[in-house]
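Overview (structure and organization)
If you want the building blocks of each chain, they are given just below.
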Amino acid sequence: MHFASQLARACARHESLLCVGLDPDPAKFPAGLRGDPSRIFDFCARIVDATKDLVCAFKPQIAYFAAHRAEDQLEQLMAYLRRNAPEVPVILDAKRGDIGNTAEQYAREAFERYQADAVTLSPYMGFDSIEPYLKYDGKGLILLCRTSNPGGSDLQFQPLANGERLFEEVARLAAGKWNRDGRLGLVVGATFPAELARVRELAPTLPLLIPGVGAQGGDAAATVQAGWRPDAPIIVSSSRAVLYAGSGEDFAQQARTVAQATRLELQAAQKALPARLS
Ligand SMILES: O=c1ccn([C@@H]2O[C@H](COP(=O)(O)O)[C@@H](O)[C@H]2O)c(=O)[nH]1
């Protein structure tokens, strides 16, 4: 199934715009698992079980697995997600970007090895670095546009000859000539609601993956206001605030409590939108 359809179904079925980011850091694990990289899968599986009915997507971040030589546990987690939460699309956060023949290998990694439904990519090497991923039918490609970190402005805010800023050009390309079969989306940080609104203007229907609520301090209500429209999906991602909500035996229950609160905050913001927007 097409990534956009999977996402729309999961959003509707779970009445949720929330994505839980799976960034497993053994140093932050609860007592009993703490400091043990061989328990990465176990930790993530408990979080998945506790939140799978509350989310529109999961987003494992590949670095947290690779850094601990735990790619096998990422494979195990992807298989677990397919078995236990088949209705929830999985976005592999890998931020890949390279020349075509290397990109082919990264695409194979994301879509064949890990069987992700979508992958995050850096667009700064141009369209030929994106093209190999398009060979995988139905898969979503989510391009970095206006990232959530303060240093994102260093390059993404650079003005171009036409007066627009670089992130605006990325949004235009993704909504226009690069979006050959409607499978592109954009990453925009919740920490910059004004730019989020600008990206929504330039890319009125593209799915936006929005990290930055929770630990980075982005405002959930402002995010919905700036980015969500009924025909314009947003995927609001939170990792640490959910994963490490508790450090005791009840950590998964604590994660659920925070995920549920964030989901409800996003729902309330949807309902508060003026009728002309919703
Ligand atoms: O602009 C971006 C793009 C990606 N990320 C990733 O999202 C999560 C955020 O984690 P939190 O704990 O919720 O802050 C993490 O995996 C980043 O690599 C981002 O933060 N900003």
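Bear in mind the structure is a predicted one, so any value in this text is a computation, not a measurement.

**Thoughts on the UniProt feature "active site" (unreviewed entry) in the chain**
The UniProt record marks Lys95 with the feature "active site" (unreviewed entry), using the residue numbering of this structure. Topologically, Lys95 is positioned in strand 3 (residues 91–96). In contact with Lys95, not counting residues within four places along its chain, are Gln61, Thr120, Leu121, Ser122 and Leu144.

**Points about the pattern of salt bridges**
By the definition in use, this model includes 17 salt bridges. Taken together, the shared-partner salt bridges connect Glu164, Arg165, Glu168, Arg172, Arg198 and Glu201 into one network.

**Digging into the site of the ligand**
With respect to spatial proximity, 14 residues lie near the ligand, and among them Asp23, Ser148, Gln216, Ser239 and Arg240 are the closest. In this structure, Lys59 approaches the ligand through a side-chain N or O atom, which is 3.2 Å from an oxygen atom. Contact distances for the ligand include 2.6 Å between a nitrogen atom and a side-chain N or O atom of Ser148.

**Some thoughts on the sheet that holds strand 3**
If you walk across this open sheet you meet the 8 strands as 2-1-8-7-6-5-4-3, and the pairing is parallel. Edge positions in the sheet fall to strand 2 (57–60) and strand 3, since each of these pairs with one other strand and no more. Along the sheet, successive strands turn relative to each other by an average axial angle of 30°, direction set aside. Pairing of strand 6 (residues 184–188) with strand 7 (residues 208–211) involves 2 bridges; the strand directions are parallel. The residue of strand 7 that forms the bridge with Val187 is Leu209. Docked against the sheet, helix 9 (residues 193–202) engages strand 5 (140–146), strand 6, strand 7 and strand 8 (234–238), running at close to 175° with respect to strand 7.

**Overview of the packing of helix 10 (residues 220–227) against helix 12 (residues 251–272)**
Axis separation between helix 10 and helix 12 bottoms out at 8 Å; the angle between their running directions is 45°. In terms of their interaxial angle, helix 10 and helix 12 are classed as oblique. Here helix 10 and helix 12 pass one another in a crossing that is right-handed. In this structure, helix 10 uses Ala220, Ala221 and Val224 to contact helix 12, whose residues at the interface are Glu265, Leu266, Ala269 and Gln270. Looking at side-chain class alone, the contact of helix 10 with helix 12 contains 5 nonpolar, 1 polar and 1 charged residues.

What counts, and at which threshold
- Residues numbered from 1 in each chain as written.
- Predicted model: local features only at pLDDT ≥ 70, side-chain atom pairs only at ≥ 80, totals over all residues.
- Heavy atoms only, no water.
- UniProt positions renumbered as here; feature names shortened; annotations may be inferred.
- Helix = DSSP H or I, 4+ residues; strand = E, 2+ residues; numbered from the N terminus.
- Contact = heavy atoms within 4.5 Å.
- Salt bridge = Lys/Arg side-chain N within 4 Å of Asp/Glu carboxyl O.
- Near = heavy atom within 4 Å.
- Polar contact = N/O pair within 3.5 Å; in protein donor to acceptor, adjacent residues only side chain to side chain.
- Pairing = 2+ DSSP bridges.
- Axes fitted to C-alpha atoms, helices over the stretch in contact; angles between N-to-C directions.
- Parallel < 35°, antiparallel > 145°, perpendicular 65-115°, else oblique.
- Left-handed = near helix turned anticlockwise from the far one by under 90°.
- Nonpolar A, V, L, I, M, F, W, Y, C, P; charged D, E, K, R; others polar.

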